[in-house]
Each structure stands twice: as structure tokens, then as C-alpha cells.
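Overview (structure and organization)
One letter stands for each residue in the lines below.
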Amino acid sequence: MPAEKIQKIRSERDIGRDELKFLLETDDVDALRSLRENAREVADEVYGRRVYIRGLIEFTNYCKNDCYYCGIRRDNRNAQRYRLGEDEILSCCAHGYELGFRTFVLQGGEDPYFTDDKICSIVSKIKKNHPDCAVTLSIGEKPRESYQAYFDAGADRFLLRHETADQSHYGKLHPAEMSLENRMRCLWDLKEIGYQVGCGFMVGSPYQTIDTIYEDLQFIRKLGPHMVGIGPFIPHKDTPFGKEKLGTMDMTLRLLSIIRLLVPNVLLPATTALGTIHPQGREKGIMAGANVVMPNLSPLSVREKYLLYDNKISTGMEAAECRDDLEKRMRSIGYEVVTARGDCAGFAV
Ligand code: 5AD
């Protein structure tokens, strides 16, 4: 692919099906270098050589859903379930604040124990203790009224990966009681309410094709999210997809770059899953156009229980305690970790 084609994707912020197919399948190293360099240039133009950090608190691994890919699915009898209490969550935040985090991401399974009242109470206490911080929720599909209540309690952002924008692919990843339609309804509701919204998908999930990825990219362009989370699919042995193929780092890096070109302002995390499949996965993610990392702030005692997939990393750079190490690693590739809320620059698209 001539370099002008990549320039065109960059300037038009759009990609054709054939261009996508080419970029995902080629082993033309010049084309791939050009893709990566263009993506990094765009990220540098918008955010500079800065990496934003978010403290991730995995506060419950109970889940009423039964997604075929996920290790904390309802039917996984081998998962050791846990919940953090409100006080534990608040002390995670206080600890994170000391370490320099100014965004807290509360992520959990869809756990009915955490009623709207409980979530609102937690959110408003975090905002009261740390008024200069952003609170992000990642707690799944809810009625619009619930999303509104959390927002009114002070939540700033919400992450809900769409998982796939293709109807029939969605049906192969989820049981019949879940629907792409409701997933999309949630994302649009969140946006209308005024959240900064994140969507995303797994790379290399079973039954994914170039066509489903094309749908994902077009959906992302249409939604105009503030964040897009993508990471490789990693099988979990106690799920129906336990013997499926692993997603690759290479494909994830190509897609990070493509997404950076399509939505220049977007916040793009180099995810835990990317760090799990390769020791330098996250550095490579940053070099491909990502600009966020989300170290784990959960108490050490529960970290190894939030197992969405096999071999999930929870120590080393993953651990928030290792901020120094993270800083060193980012500095070694020319990037600076910043203590700032790190809101999305302007509005995506
Ligand atoms: N491999 C990679 N990512 C996964 N997720 C869930 N299970 C897996 C897996 N086996 C991702 C989903 C979900 C997010 C919290 O984690 O995309 O939205």
C-alpha cells in the first residue's frame, strides 16, 4: 500500500473495507511502519508525548451474565467470588490518590448486590473525598434511569465495550438473553446523559472477521466515543471458549493505530490483556498510538480472583505500586506519565 493511502485514511478519518483488509493482512513492513508512525504522530499532535494513568478497582467478580468468553461468567463454578465493601473501595481510592492517580475506574461484573443506591453512595463519597478526581464506572448494562442516577451522584465516565457491532457475531459471543440492541441502547443513553463514554472490543475473538471489524470501526466513528478499549482475546479454560485461539499482539497493534487515525482525539488504552500476551505489550501499544494505561489498584488479596482470562497479569507494571517502574518504562520509549484527570481532548470525530 503506498504511503499516500495511509495519509488519506488519516486525513479523511475513514477507511474502506479493502484498505482494512490490506492493513490487517499485509506483511509489507514499510506499510506497517508507516501506519504506526502516522498513528503516533496523530497521538502526539493531540496529546503530546504523555501517557495518562487510571487506577482500576475491580470491586466485584460476581456477574449475572454468562458471556461465552469471560472467566467471571455466571456459570463458572471455579471462580472464587468476592466483593469489596464500600470502605475498602474508598481506601483503595485514598491509596491511589497518594500514588498520584486522579481517575478511579470502578469495574465489576453485573452484580445485583450493588444496587443503584449502593453505587451512588460509593460514587458520591469518592467525589467528596477527592473532588479533583474523575470517577469512571464500568459495571455493565443498566436501565437509563440508573445511569442517570450514577451521573447525578457524580460519575463522570462510563466504559462499556460493545464487544462487536455485528449482530450475528454478537449472538455467537453471548447467550440469547443478551442483545446487541440493548448494548447499543446503553451506549447512546450514556452519551446523551453526558458521560464521557468508552466502547471497545476484543481482537481475535472467536468468529471475528475482517467484516465484523469493519462494522466495529464504522460503529466507533458513528458513536464518537471518548475512549476505545481494545485488547487481544485470551481464552479462559473454564469457559465455552477455553480451547479457542488467542488473539495476537500484532493484530491489536495494527488496530490501535487504525483507530487512532479514525478518531484522533480518542483516549486509547494499552490494555492489561495486551500486557498479558507480551512482556512489552503495553510499550508497543503506546508506540502504536495508545495513550492510556490502567494499573490495578484493587487490594492484592483479590487481584488474582478477577480472572477474565487465563494468566492475567496482576503484578509488575500491572500493580499500581509499581508506578516508578511504569514511569521508567514509559520514559525509556520517550513518554511521560502524567498525574492529571486526562479528559478526552475536545470531542472525538
Ligand atoms: N479475553 C480478553 N478480554 C476479555 N474480556 C472478557 N473476557 C475476556 C477474554 N477472555 C474483556 C471484555 C470485557 C472486558 C471487561 O474484558 O471485552 O468487556
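Before going into details, it helps to say that this report is about the structure given with it. (Residues numbered from 1 in each chain as written. Predicted model: local features only at pLDDT ≥ 70, side-chain atom pairs only at ≥ 80, totals over all residues. Heavy atoms only, no water.)

1. A closer look at the packing of helix α8 (residues 180–193) against helix α9 (residues 210–223)
Between two packed helices, what matters for the description is the angle formed by their axes and the separation of those axes. Put simply, the rule reads: Every axis in this analysis is a line fitted to C-alpha atoms, fitted for helices over the stretch in contact. Angles between the N-to-C directions lie between 0 and 180 degrees. We count a stretch as a helix when DSSP gives it H or I for four or more residues in a row; a strand needs E for two or more, and each element gets its number in order from the N terminus. For classification purposes, an angle smaller than 35 degrees is called roughly parallel, one larger than 145 roughly antiparallel, one from 65 to 115 roughly perpendicular, and anything else oblique. Two helices cross in a left-handed way if the nearer one is turned anticlockwise from the farther one by less than a right angle. They cross in a right-handed way if the turn is clockwise. Working rule for contacts: check all heavy atoms of both residues, and any pair within 4.5 Å makes them a contact. Basically, the charged four are Asp, Glu, Lys and Arg, the nonpolar ten are Ala, Val, Leu, Ile, Met, Phe, Trp, Tyr, Cys and Pro, and anything else, Gly included, counts as polar.
Remark: α8 packs on α9, axes separated minimally by 12 Å, with the N-to-C direction vectors making an angle of 25°. Between α8 and α9, the crossing angle belongs to the class labelled roughly parallel. Of the two possible hands of crossing, α8 and α9 adopt the one that is right-handed. Between α8, through M184, L187, W188 and K191, and α9, the contact on the second element is made entirely by F219, K222 and L223. Residue composition of the contact of α8 with α9, by class: five nonpolar, no polar and two charged.

2. Section: the sheet that holds strand β7 (residues 227–232)
Keep this limit in mind: For two strands to be treated as a pair, DSSP must find at least two bridges joining them.
Read from one edge to the other, the open sheet built from six strands follows the order β2-β3-β4-β5-β6-β7, with strand pairing classed as parallel. Whereas interior strands pair on both sides, the edge strands pair on one side only; in this sheet they are β2 (55–60) and β7. When the angles between neighbouring strand axes are averaged without regard to direction, this sheet yields 20°. Relative to β7, strand β6 (residues 196–203) runs parallel, the two being bridged by six bridges. Counted as the bridge partner of C199 is V228 from β7. Sheet contacts for helix α10 (residues 249–262): β6 and β7; angle to β7, the most-contacted strand, approximately 165°.

3. Examining the packing of helix α6 (residues 144–152) against α8
Where α6 meets α8, the closest approach of the two axes is 10 Å, and the angle between their N-to-C directions is 35°. The way α6 lies across α8 gives a crossing that is right-handed. Where α6 approaches α8, its residues R144, Y147, Q148 and F151 are matched on the opposing element by R185, C186, D189, L190, E192 and I193. Residue composition of the contact of α6 with α8, grouped by class: five nonpolar, one polar and four charged.

4. Section: the sheet that holds strand β9 (residues 336–338)
Reading across from one edge, β8-β1-β9 is the order of the three strands in this open sheet, with parallel pairing throughout. The strands lining the two open edges of the sheet, one partner per strand, are β8 (292–293) and β9. Relative to β9, strand β1 (residues 50–53) is paired through three bridges, and the arrangement is parallel. Bridging across to β9, R50 finds its partner in E336. Of the strands in this sheet, β1, β8 and β9 touch helix α14 (residues 323–332), which is tilted by about 135° from β9.

5. Some thoughts on helix α1 (residues 3–12)
Here is the rule: When a residue's accessible area, from a 1.4 Å probe over protein chains only, is under 20% of the maximum for its type it is buried; when over 50% it is exposed; and in between it is partly exposed. Picture the helix axis, draw a direction to every C-beta atom, and the arc is the one those directions span.
Looking only at α1, the buried set comprises I6, I9 and R10. Buried residues of α1, seen end-on, are gathered within an arc of 100° and therefore sit on one face of the element. Seen from the open side of α1, the exposed residues pointing more than 90 degrees away from its buried face are E4 and S11. Buried residues along α1 sit in contact with α2 (17–25), α3 (29–47) and α10. Following α1 by one or two positions, R13 adopts a phi angle in the positive range, close to 50°.

6. A few points about the nonpolar core
Our working rule: As used here, the term nonpolar core means buried Ala, Val, Leu, Ile, Met, Phe, Trp, Tyr and Cys residues forming a set that is joined through side-chain atoms within 4.5 Å.
Ranked by size, the top nonpolar core spans 94 residues in total, and within it Y150, I258 and I259 carry the most contacts. With eight residues, α10 is the single largest residue contributor to this core. If you look at the next biggest cluster of nonpolar residues, it comprises eleven residues, including L56, V105, L267 and V338.

7. What about the site of the ligand?
The line we're drawing: Residue proximity to a molecule or strand is established when one non-hydrogen atom of the residue lies within 4 Å of it. For the purposes of these results, a polar contact is taken to be a pair of N or O atoms within 3.5 Å, where, inside protein, one atom must be able to donate a hydrogen and its partner to accept one; residues adjacent in sequence count only when each atom of the pair is a side-chain atom. Each accessible area is a Shrake-Rupley result for a 1.4 Å probe, and residues are judged covered by the shown protein chains and nothing else.
Y69, C70, R161, E163, M202, P232, F233, I234, L308 and Y309 make up every residue found near the ligand. Separating a nitrogen atom of the ligand from a backbone N or O atom of Y69 is a distance of 3.0 Å. Taking E163, its side chain carries an N or O atom lying 2.5 Å from an oxygen atom of the ligand. Taken by itself the ligand offers 400 Å² of open surface, and the protein chains cover 88% of this. Classifying every residue of the shell around the ligand by side-chain character gives eight nonpolar, no polar and two charged.

8. Digging into unusual backbone geometry
One non-glycine residue with positive phi stands out, namely E163, at about 75°. With respect to the helices and strands, the residue E163 is situated in the loop between β5 (157–159) and α7 (167–173). Owing to a relative accessible area of 9%, E163 belongs among the buried residues under this scheme. Phi at Y207 is positive, roughly 70°, even though this residue is not glycine. Along the chain, the position of Y207 falls in the loop between β6 and α9.

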